[in-house]
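Residues per chain, in single letters:
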Amino acid sequence: MQQVGPAVVRINSSRTVHSQQPDVLEDPFFRRFFGSESPIMPENRVERGSGSGFVFGSDGRILTNAHVVDGADTVTVKLKDGREFVGKVLGIDTVTDVAVVKIEANNLPVVSLGKSEQLQPGEWAIAIGNPLGLDNTVTVGIISATGRSSSDVGIPDKRVSFIQTDAAINPGNSGGPLLNQRGQVIGMNTAIIQGAQGLGFAIPIDRAQQIADQLVSTGKAEHPYLGVRMLSITPEVKAEFNKNPNTKLRLTEDKGVLVLGVAKNSPAAKAGVSVADVIKKINGQEVSDAGSVQQIVEKSKVGSDMQLELSRGGQVVTVAVKSGAFPASQKQ
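Keep in mind that this is a model prediction, so the values were computed, not measured.

1. Notes on the overall build of the protein chain
On a plain count of helices and strands, the protein chain comes out with 6 helices and 23 strands. The globule rule puts the C-alpha radius of gyration for 332 residues at 20 Å, and the 22 Å found for the protein chain is close to it. When its C-alpha atoms are laid out on the principal axes, the protein chain stretches across 65 × 50 × 40 Å. Evaluated residue by residue, the protein chain yields a buried proportion of 45% over its 332 residues. Relative to all contacts within the protein chain whose residues are 6 or more apart in sequence, the contacts with residues 24 or more apart total 63%. Counting only carbon and sulfur atoms, one obtains 49% of the accessible surface of the protein chain, whose full area is about 16300 Å². Averaging the locations of the 34 positively and 33 negatively charged side chains of the protein chain gives two centres separated by 3 Å.

In structure tokens:
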């Protein structure tokens, strides 16, 4: 922790909110303080937030959450040694809640990045950040689970399979690192569920690093997508679905992924995928749940060709889909 601590920073952001803009909902991830920018212009106010981040490039590149700096007029970065810098946001990806901030500094202490793909529940987890204004706070726990979907966490508009930990995470921890027992970063703390205890969530570092590389090189991140709304089929789901008197559809499959909806003008729509199709395989790989489909698509590249094996009315149908770029404004 002696080596990691100096690379963890506090990020303060502020932006002016005008009366014609809709009010921003209270963010559950970090504190915001509201006040009038001017007593003469009460229709304007300054919204301030505070979060965490960590240096991953000695030239001043810092990883944090998109919600910490999204829409900010000014961003300041405070190092553990007390120095403060004005930060420039190189890129924000609201789909995964990842952002990269750059400060003009050299020879900065950096974190060591680990691997998150092979994490197992029960491994040690250590969180460092600035919860409730208490800089460089360290909390310890374990990895409680991996692969938590964004809907599980309560933020369904994100496309991330989260790490769950019971290491104490509080408002202000957003953007800080989650470490393994060797002091390597395995995740970026991003979410808490209000009212819960021992439930914190982090973006796997493999995913965060992938997005950060895109943000640094192009200023944006692209996400491949098919454009389908899905339901994982199990025997229980099949039975419940077929009991519903309000639907004409009857499931005959015990497993697979049911297509509940197809977005207009999406790659799936252009390829001829239809509601009630059951996805059985993608590129020859069997899929048993919606999460598997999303993982396969996420690992592809925008514009790549994918072969979908479908069950349609009891018949096997194969369609070729060219994945498109996920529109950030679209909800899943």
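Next, the rest of the story.
2. A closer look at the pattern of salt bridges
For the structure on display, the rule yields 12 salt bridges. The residue R10 makes a salt bridge to D135 at a minimum N-O spacing of 2.7 Å. Taken as a pair, R10 in strand β1 (residues 8-17) and D135 in the loop between β10 (124-129) and β11 (137-148) lie far apart in primary sequence, 125 residues in all. Taking relative accessible area as the criterion, D135 reaches 36% and is therefore assigned partly exposed. Measuring nitrogen to oxygen at the nearest pair gives 3.1 Å for the salt bridge that ties K280 to E253. Of this pair, K280 sits in strand β19 (residues 278-282) while E253 sits in the loop between α4 (235-243) and β18 (256-262), and the two are 27 residues apart along the sequence. Taken together, the shared-partner salt bridges connect R159, R207 and E298 into one network.

3. Focus on the side chain of S311
Mapped onto the fold, S311 is located in strand β21 (residues 305-312). Engagement of the side chain of S311 in a polar contact is seen with the side chain of E253, the distance being 2.7 Å. Apart from the residues lying within four places of it in its own chain, the contact partners of S311 are E253, A276, D277, V278 and K280.

4. Some thoughts on the layout of surface pockets
Taken as a whole, the largest pocket holds about 1500 Å³ of empty space. Every residue lining the largest pocket is counted, 44 residues in all, and those nearest its centre are S161, G291, Q294, Q295 and E298. Elements with a minimum of two residues in the lining of the largest pocket: β11, α2 (150-153), β12 (162-165), α3 (205-218), β17 (228-233), β18 and α6 (290-298). If one sorts the elements of the lining of the largest pocket by residue count, α6 sits on top with 8 residues. Across the lining of the largest pocket, the residue classes break down as 16 nonpolar, 17 polar and 11 charged.

5. Description of the environment of N180
The residue N180 is located in the loop between β13 (177-179) and β14 (184-192) in this model. In this structure N180 comes out as buried when scored by relative accessible area, which is 5%. Remark: the alpha-carbon pair of N180 and N170, spanning 10 residues in sequence, is separated by 19 Å. With near-sequence residues (within four places) excluded, N180 lies in contact with W124, I126 and I186.

6. What about a nonpolar patch on the surface?
Judged by side-chain polarity, W124, V138, V140 and I142 come together as a nonpolar surface patch covering roughly 360 Å² of accessible area. The element best represented in the nonpolar patch is β11, accounting for 3 residues. The topology assignment puts I142 in strand β11.

7. Quick notes on α3
Taking 1.5 Å of rise per residue, 14 residues should cover 20 Å, and α3 covers 20 Å from first to last C-alpha, within 8% of that figure. Among the residues making up α3, those that are buried are I205, R207, A208, I211, A212 and L215. On an axial view of α3, the arc spanned by its buried residues comes to 150 degrees, and they lie on one face. When the buried face of α3 is taken as reference, the exposed residues oriented beyond 90 degrees from it are S217 and T218.

8. Some points on the packing of aromatic side chains
Between two aromatic rings, the relevant description is the distance of the centres plus the angle of the planes. Applying the stated rule across the entire model yields 1 aromatic pair. Relative to F326, the ring of Y225 has its centre 5.6 Å away and its plane inclined at 80 degrees; by these criteria the two rings are edge-to-face. One end of the pair, Y225, is in strand β16 (residues 224-225); the other, F326, is in the segment after β23 (324-325), and 101 residues separate them in sequence. Across the pair, F326 and Y225 agree in class, each one buried. Here R159 stacks its cationic end above the ring of F326, 4.5 Å away from the centre of that ring.

9. Brief notes about the environment of K255
Within the secondary structure, K255 is located in the loop between α4 and β18. Residue K255 is classed as partly exposed on the basis of its relative accessible area of 45%. In this structure, the C-alpha to C-alpha distance between K255 and T234, residues 21 residues apart in sequence, is 5.4 Å. Those residues in contact with K255, other than ones at most four positions away along the chain, are I233, V278, K280 and E286. A distance of 3.1 Å separates the side chain of K255 from the side chain of E286, its partner in a polar contact.

Quick notes on the rules
- Residues numbered from 1 in each chain as written.
- Predicted model: local features only at pLDDT ≥ 70, side-chain atom pairs only at ≥ 80, totals over all residues.
- Heavy atoms only, no water.
- Helix = DSSP H or I, 4+ residues; strand = E, 2+ residues; numbered from the N terminus.
- Rg over C-alpha atoms; globule rule 2.2 N^0.38 Å.
- Buried < 20%, exposed > 50% of the residue type's maximum accessible area, 1.4 Å probe, protein only.
- Contact = heavy atoms within 4.5 Å.
- Areas by Shrake-Rupley, 256 points an atom, 1.4 Å probe, with all protein chains shown as cover.
- Lys, Arg positive; Asp, Glu negative; His and termini not counted.
- Charge placed at Lys NZ, Arg CZ, Asp CG, Glu CD.
- Salt bridge = Lys/Arg side-chain N within 4 Å of Asp/Glu carboxyl O.
- Polar contact = N/O pair within 3.5 Å; in protein donor to acceptor, adjacent residues only side chain to side chain.
- 1 Å grid on protein atoms, 1.4 Å probe; cavity = no way out; pocket = protein on both sides within 12 Å on 5 of 7 lines; lining within 4 Å.
- Points joined across faces, edges and corners; volume = space filled by probe spheres on them.
- Nonpolar A, V, L, I, M, F, W, Y, C, P; charged D, E, K, R; others polar.
- Patch = residues over 30% accessible without salt bridge, like charges linked within 9 Å, V, L, I, M, F, W, Y side chains within 5 Å.
- Expected span 1.5 Å × (residues − 1).
- Arc of directions from axis to C-beta.
- Phe/Tyr/Trp six-rings, centres within 6.5 Å; stacked < 30°, edge-to-face > 60°.
- Lys NZ or Arg CZ within 6 Å of the ring centre and 35° of its normal.

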